[in-house]
Amino acid sequence: MIGKMTGSDFLSKEGVNNLISSYTALKIQFEFPTSVRFPNLPVRLDFSSIIFPLTGETFCTGHEFVLAMKLGCKIEILGGVIIPFVERTQKPQKNRKKITMIEKREPLIEELHRKYLESLKTIPERTPKKSTSENYLFLKKQLENTGIDSSMKSEQEEYRTQFFTVVKSLLEERLKYPKGSYMNLLYKFIANAGIGQMARGLNQKKRYDTQTNSTKVMPSGELVSPLYAG
Amino acid sequence: MSSLASSFLTKELVNQGDGSYHPKTQNGLISVKDLPKLMTPSGIELSNDLHEYIDYFLGSYHGGRNESYLYGVVKGEFYDYDLPGAYPTAMAMLDYPD
């Protein structure tokens, strides 16, 4: 738990790298300089409105805090929590299982894949704007730019988080198929759905239920976690 | 489609990882994923200090920001910025909590 202190004290105590490589949530009072055109700290007005004012009191994550400090914001921390990422040297990944792609396990995917292959025989394939290899190189460069490759090397072996491995596998599998095809879109959807599934049900939103013809509070799933969602 | 994505990611992240996806259960009864149970009188009492820090994480979840930086009639060219693969890229940078 974090006690009351100024934002600059907290930043110098923890450092930018620690704040980015951790799950940090803070309650703060803040004041941006008037020269800041687009402040980045969200404040709730009511149950459906969020504004980004120059001054206020709010909850924010470590990433939002670091960006606000870079914008010259004066911050007073009222309280908060830091949970660091797991110590990387303690988790050798030698025995980690390789991801098995879903079409080998899910009958629905097999069916979709079969239909997709059939459709190729009758409908002329849409020409992607970029070739698959160009797309792959572009997306691979994006992943490399995150700095994950360089920051996750231990002395013995290169470290890969389970999150990174899953995303990379989904990306590679997606790029085996032409842009706009069933399988390409399916893998894109699965990768994008991950973050949504981590936040599912957190805000107790209601959804229409076709079985009972009424609205129900959306239940949370196995992936839900306030840590990952934030 | 959502349940398909959910079941695939559950297998790969929760079941197939090293079991650290969800932090340890408090007193063998309450964990982070049991939010409805956690925010009850017995949940708060049985969860050690879990309920204290979960407030901060719930409060700091705001969803995405989508904004027009200019309003009104626009004549001529304008730009619509988008981050391709923003969600998966952010997810790839996560790690299990200690």
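See the structure printed just above.
Here the structure is a predicted model, which means the values were calculated and not measured. (Residues numbered from 1 in each chain as written. Chains lettered and ligands numbered in written order. Predicted model: local features only at pLDDT ≥ 70, side-chain atom pairs only at ≥ 80, totals over all residues.)

A. Spotlight on the overall build of chain B. Of the regular secondary structure elements, chain B holds five helices and zero strands. Taken from the N to the C terminus, the helices and strands of chain B come in the order α-α-α-α-α. Taking 13 Å as the expected radius of gyration for a compact globule of 98 residues, we find that chain B reaches 20 Å, considerably beyond that expectation. Considering only C-alpha atoms, chain B reaches an extent of 65 × 30 × 25 Å along its principal axes. Residue burial in chain B is summarised as follows: out of 98 residues, 26% are buried. Restricting to contacts in chain B with at least 6 residues of sequence separation, those with at least 24 account for 12%. (Helix = DSSP H or I, 4+ residues; strand = E, 2+ residues; numbered from the N terminus. Rg over C-alpha atoms; globule rule 2.2 N^0.38 Å. Buried ≥ 20, exposed ≤ 12 C-beta atoms within 10 Å, placed from the backbone. Contact = placed C-beta atoms within 7 Å.)

B. Up close: the nonpolar core. If you look at the biggest cluster of nonpolar residues, it comprises 53 residues, and the most contacted ones within it are Leu26, Phe163, Val167 and Ile190 of chain A. Contacts of valine 167 of chain A, omitting those with residues within four sequence positions, involve Ala191 of chain A together with Pro88, Met91 and Ala92 of chain B. (Core = buried A, V, L, I, M, F, W, Y, C linked by C-beta atoms within 7 Å.)

C. Spatial organisation of helix H1 (residues 2-15) of chain B. Between its terminal C-alpha atoms H1 of chain B stretches 18 Å, which fits the 20 Å expected from 14 residues at 1.5 Å a residue. Of all the positions in H1 of chain B, only Ala5, Ser6, Phe8, Leu9, Glu12 and Leu13 of chain B are classed as buried. For H1 of chain B, the elements touching its buried residues are helix H7 (162-174) and helix H8 (182-199) of chain A. (Expected span 1.5 Å × (residues − 1).)

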